[in-house]
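Each chain, written out:
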Amino acid sequence: MKRFKLNLLSGLVISIILLGIIAAATTIVTTRVYRDLSFDFKREHTARLLELKVQDVVAGLEAGALRFGEQLIADGEFQAALDSPDSARMSAELEQQLRRAALTDIVGLTVYNRDTGLLGSASRSSGAAGVICPELVHRARADKRPSGRAAGLCRSGDHTYQAVILPVAATAVSGHLQVVSDPVPALAAMEGTLALPVRLVSPTGDALHVSPGWNEAVSGNAVVSAYTLAAGDGTALLRVEAAGSVEALLFRLGQTNKRLIVVVIAITLLAVAIALWFVRYSVFMPLRELSSQLSRGRLVKGGQDAGAGTGAAGNAPASFHALGELYETLQDMAIRDPLTGTYNRALLEDRLKQLIVEQRRAPSMTAILLVDLVRFKYVNDLLGHHTGDLLLKQVVGRMADVLRESDTLARLGGDEFTVILPDTDSEQALQVAEKIIQSMGADFEVEGHKLSASVSIGIALMPDHGEDVETLLRNADYAMYTAKKRQPGCAVFDPNIVAEIKAARMTLDGALSHDLEGNDLFLVYQPVLDIKTGKISYLEALVRWRRPDGRLLLPDDFIRVAEQSGLIRQLTEWIIDTACTELVSLQQSSPGLRVGINLSMHILHDYNLADLIGAALARHRLGPRSLLLEITETEVMMDPEQVIEILEQLSGRGFELSIDDFGTGYSSLVYLKRLPVDTLKVDKSFVSDMDTDEDNASIVHATIDLAHNLGLSVTAEGVESRQVYERLREMGCDSYQGYYIGEPMDKTGIAVWLHEGREVLHGL
Ligand code: C2E
Ligand code: CA
Ligand code: CA
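What you see as residue numbers is a count from 1 along each chain, following the sequence as written. The naming scheme follows written order: chains are lettered A onward, ligands numbered 1 onward. Two thresholds apply to this predicted model, a pLDDT of at least 70 for residue-level local features and 80 or more for giving and counting side-chain atom pairs, whereas whole-chain, interface and lining totals are computed over all residues. The basis for every side-chain value is the complete set of heavy atoms in the structure, and neither hydrogens nor water enter the calculation.

**Notes on the overall build of the chain**
Phase 1: Put simply, DSSP marks the helices as runs of H or I at least four residues long and the strands as runs of E at least two long, and each gets a number from the N terminus on. Assigned secondary structure in the chain consists of 26 helices and 26 strands.
Phase 2: Over its C-alpha atoms the chain spans a radius of gyration of 61 Å, topping by over 25% the 27 Å that the globule rule assigns to 764 residues.
Phase 3: On the principal axes, the C-alpha backbone points of the chain span a range of 195 × 50 × 50 Å.
Phase 4: Classification of residues uses two cut-offs on accessible area relative to the type maximum, computed with a 1.4 Å probe and protein chains only: under 20% is buried, over 50% is exposed, and between them is partly exposed. Burial statistics for the chain: of 764 residues in total, 49% are counted as buried. Computation of the radius of gyration draws on C-alpha atoms, with the globule rule given as 2.2 Å multiplied by the number of residues to the power 0.38.

**Examining the coordination of the calcium ion (ligand 2)**
Phase 1: At this site the calcium ion (ligand 2) is bound by Glu540 (OE), Asn598 (OD1), Glu630 (OE) and Asp660 (OD), with donor distances of 2.0 to 2.3 Å.
Phase 2: Listed donors are limited to N, O and S atoms within 2.8 Å of the metal, widened to 3.2 Å for Na, K and Ca; water is not among them, so incomplete-looking sites are possible. Between consecutive donors of the calcium ion (ligand 2), the numbers of intervening residues give the motif E-x57-N-x31-E-x29-D.
Phase 3: Here the calcium ion (ligand 2) and the calcium ion (ligand 3) are spaced 4.2 Å apart, linked through Asp660, which binds each one. Here Glu540, found in strand β18 (residues 536–546), pairs with Asp660, found in strand β22 (residues 656–662); they are 120 residues apart in sequence, far enough to count as distant. Of the two residues, Glu540 and Asp660, neither departs from the other in class, the shared state being buried.

**Examining the site of ligand 1**
Phase 1: Close to ligand 1 lie 22 residues; Gln526, Arg544, Asp660, Glu720 and Tyr739 are nearest.
Phase 2: Whenever two N or O atoms come within 3.5 Å, that pair is a polar contact, provided that in protein one can donate a hydrogen and the other can accept it, and provided that, for residues adjacent in sequence, both atoms are side-chain atoms. The contact in question runs from a nitrogen atom of ligand 1 to an N or O atom on the side chain of Gln526, over 2.7 Å.
Phase 3: In the model, a nitrogen atom of ligand 1 is placed 3.2 Å from a nitrogen or oxygen of the Val543 main chain.
Phase 4: Surface accessibility in these figures is a Shrake-Rupley result with a 1.4 Å probe; residues are shielded only by whichever protein chains are displayed. About the coverage of ligand 1: the protein hides 86% of its 790 Å² of free accessible area.
Phase 5: Top element by residues in the shell around ligand 1 is β18. It accounts for four residues. Residues are classed as near a molecule or strand on a simple rule: at least one heavy atom within 4 Å of it.

**Examining unusual backbone geometry**
Phase 1: Residue Pro463 follows Met462 across a cis peptide bond; omega there is 10°.
Phase 2: In this fold, Pro463 is placed in the loop between β15 (454–462) and α14 (469–483).
Phase 3: Backbone geometry at Asp661 places phi at a positive 50°, although glycine is not the residue there.
Phase 4: As for its placement among the helices and strands, Asp661 is situated in strand β22.

**Considering the nonpolar core**
Phase 1: To define a nonpolar core, start from buried Ala, Val, Leu, Ile, Met, Phe, Trp, Tyr and Cys residues and group those joined through side-chain atoms within 4.5 Å. Formed by 87 residues in total, the largest nonpolar core has its most connected members in Ile613, Leu650 and Leu728.
Phase 2: Here this core gets nine residues from one element, more than from any other, and that element is helix α17 (residues 568–587).
Phase 3: The domain limits used here are those given by an automatic or database domain assignment. Two domains each put at least three residues into this core: domain 1 (330–504) and domain 2 (524–543 + 566–755).
Phase 4: Here Leu650 is in contact with Leu599, Leu609, Ala610, Ile613, Leu629, Phe655 and Leu657, once residues within four sequence places are set aside. Two residues form a contact once any of their heavy atoms are found within 4.5 Å.

**Digging into the packing of aromatic side chains**
Phase 1: Centres within 6.5 Å are what make two rings of Phe, Tyr or Trp a pair, Trp counting through its six-membered ring; a difference in plane orientation under 30 degrees is then read as stacked, over 60 as edge-to-face, and the rest as tilted. Applying the stated criterion across every chain yields a total of four aromatic pairs.
Phase 2: Plain terms: the ring middles of Trp545 and Phe558 are 5.4 Å apart, the flat faces sit at 75° to each other, and that makes the pair edge-to-face. In this pair, Trp545 is assigned in strand β18 and Phe558 in helix α16 (residues 555–565), connecting sequence segments 13 residues apart.
Phase 3: The exposure class of Trp545 is buried, given its relative accessible area of 0%.
Phase 4: Here the aromatic rings of Tyr725 and Tyr740 are separated by 5.9 Å at their centres, their planes lie at 35°, and the arrangement is tilted. In this pair, Tyr725 sits in helix α25 (residues 722–731) while Tyr740 sits in the loop between β25 (735–736) and β26 (745–746), placing the two residues 15 residues apart along the sequence.
Phase 5: With relative accessibility at 23%, the residue Tyr740 sits in the partly exposed group.
Phase 6: Members of the aromatic cluster, each reached through a chain of ring pairs, are Tyr725, Tyr736 and Tyr740.

**Section: the state of the cysteines**
Phase 1: Cysteine sulfur atoms are paired as a disulfide whenever they come within 2.5 Å of each other. Enumeration over the complete set of coordinates arrives at one disulfide.
Phase 2: The residue that forms a disulfide with Cys133 is Cys154, at a sulfur-sulfur distance of 1.5 Å. Between Cys133 and Cys154, the S-S dihedral sits near -70°, and the bridge is therefore left-handed. Linking Cys133 in the loop between β2 (117–123) and α4 (134–142) with Cys154 in strand β3 (residues 150–156), this pair joins segments that are 21 residues apart in sequence.

**Describing the pattern of salt bridges**
Phase 1: Throughout this description, the term salt bridge denotes a Lys or Arg side-chain nitrogen within 4 Å of a carboxyl oxygen of Asp or Glu. Per the stated rule, a full pass over the model turns up 20 salt bridges.
Phase 2: Salt-bridge contacts for Glu70 lead to Arg149; the nearest nitrogen and oxygen are separated by 2.4 Å. With Glu70 in helix α1 (residues 2–74) and Arg149 in the loop between α4 and β3, the pair connects residues that are 79 residues apart, well separated along the chain.
Phase 3: For Arg149, a relative accessible area of 44% translates into the label partly exposed.

If you want it as structure tokens, here you go:
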């Protein structure tokens, strides 16, 4: 449950946060791409700038060299030197001019005359001496125009130079002056104008110049752009590199990044808040409402494991836990009985299965108690479902009090419960069962009614009596069969019982379906006498069954089997038919004699009952007044509405009806008035000892008064003594039955009794 709640909430929040993280990651990746693009852009921009600058520098050098050359040509000394064919003079002149030159970039001067070639030269270094850029010189000298000039870059030795060649001419070209400049210092000076560190690299890879901040910039955040100076023929001469700093760019990017992430986090948090708010109002609140309605209306959420339902459902669950609460409620509904709060059959089966598996791993004994609430249903029908429900809750409460935390109490349905007792042997199980039975001892106070409830408990043990749910419950039910016949009403499953029940079923089946004449079933008759006249009122037919082993079975031993196996209808038909046959024969000596038949609840629900009895009577040419039908109070009250309908049918046909065992059920006056019955037969448990038990005597007295007020007559059964007989007479009871006047007797016995009975009666 906790787990679910956490998952639900954190799942929602985590997924939104995950989305936020994805958004943040996307932002970071995007800014990275943006950064790379910016770097590329910066690099290109710097390269472009560099190109322009370098070209500017080269153009500047060229212009300077030209100017210098033009001034030199115009110089008188130079003219004089040119005119003399003395190359030494010219060289000296050039030397002097070079020294005087303001432009230190100019590193070499060479003069060629028109015909003979080299006339003189001067240089600042040995590298710049001699013929530099011969092709350029050649091209210029081939141009005979006085304006023909040439300029360009070239490589000499391991140096790159810039050369300008001007014709020396007045009217016609008389020679050429070559001014050679070293571009390196001017290019190196770009570090100032560009405000970037630069590096100059020769084609062989030697660094010709490296700005002081170069290494630092390159190892840090910088983009390097390059521009390569080339000779006229395209040969690479000098690579100029500039390191453009991206420090500022990075700083700005970093700032943008931070801002974006802050925005993403803010949006994520906002999304979480909105989502939670939305879910709360659109999902959780309706669910909370639903959940509280469910728990208020349907369930008792007992904290106790045994499920004794105490207290009403908790308040409506708080906010976001609503869904969890609903889940809990639904889960509860799935495993709990809504009325009593005990577990339901589904959970019981589940737990049993679990125990079966555990038992196989670590052998232990588990007891399964099947608890049947005796005579519950009619409380429901009689006093209303509300009262029935309250009684059931109290019953559950008392059971739960007896049980331990580790025990499982489940409601199988109606008034049937199951208790699982782990680690319990048969002796301990019986003790618990007896405790449960004792716990029902005191009356229940329900809405002003004093109600009593008793239970029968059948016990099966795992693994001895089965290793699957179905077998265990079936065997506990078999044990219930024994329990119902015992005091205090509990029994452990005995495998022999199964054989007995099965055999009983089979034999009963055989006894009923084969030749019935002279078979093991027979009827005994017990007289009911009119208390005032002492005359016989009727004979009550009671069924007996002699087993093949000679044992005589009483109805309590096999009526239940017959009911369970569906043989009760056949049995009833047989009883009615037999009673009719024997009545006809008895009537020969006792005209007007009547017989009373006990009707089982199972047959009572048969709407053809009236036809069935009518047909039997017709077969024997008996009138309806010859039969009297007894139905126990409990059975009537199990489903009064339906039973009333059937009783009305029977009464309509002229049968006399009697409510048997009156006093053991909880008949309400409402129903009693509506029942089309003639007689109440007070149960023997009140009658037998009414001479010694005043409580019982007053119950009998009250019953007699009540019956008379309702226009019913009263029969007392179980009269065993003269005292009781006399008390009943005083109380105004109408009829009586019991060992005092006659025990149940077989066909022959009753014929004798009827013959001699009159004397007996007269003797009373
Ligand atoms: P019931 O209808 O209340 O029958 C009276 C029971 O009380 C009989 O037991 C009878 O033997 C016993 N009894 C009679 N006089 C006395 C007495 O003075 N003292 C005491 N302590 N007991 C007395 P039985 O024959 O064992 O029948 C038990 C129950 O079985 C009957 O109770 C009845 O409900 C049911 N039953 C009997 N025969 C039939 C039948 O043919 N069909 C159906 N459906 N049920 C029957
Ligand atoms: Ca009876
Ligand atoms: Ca009775």
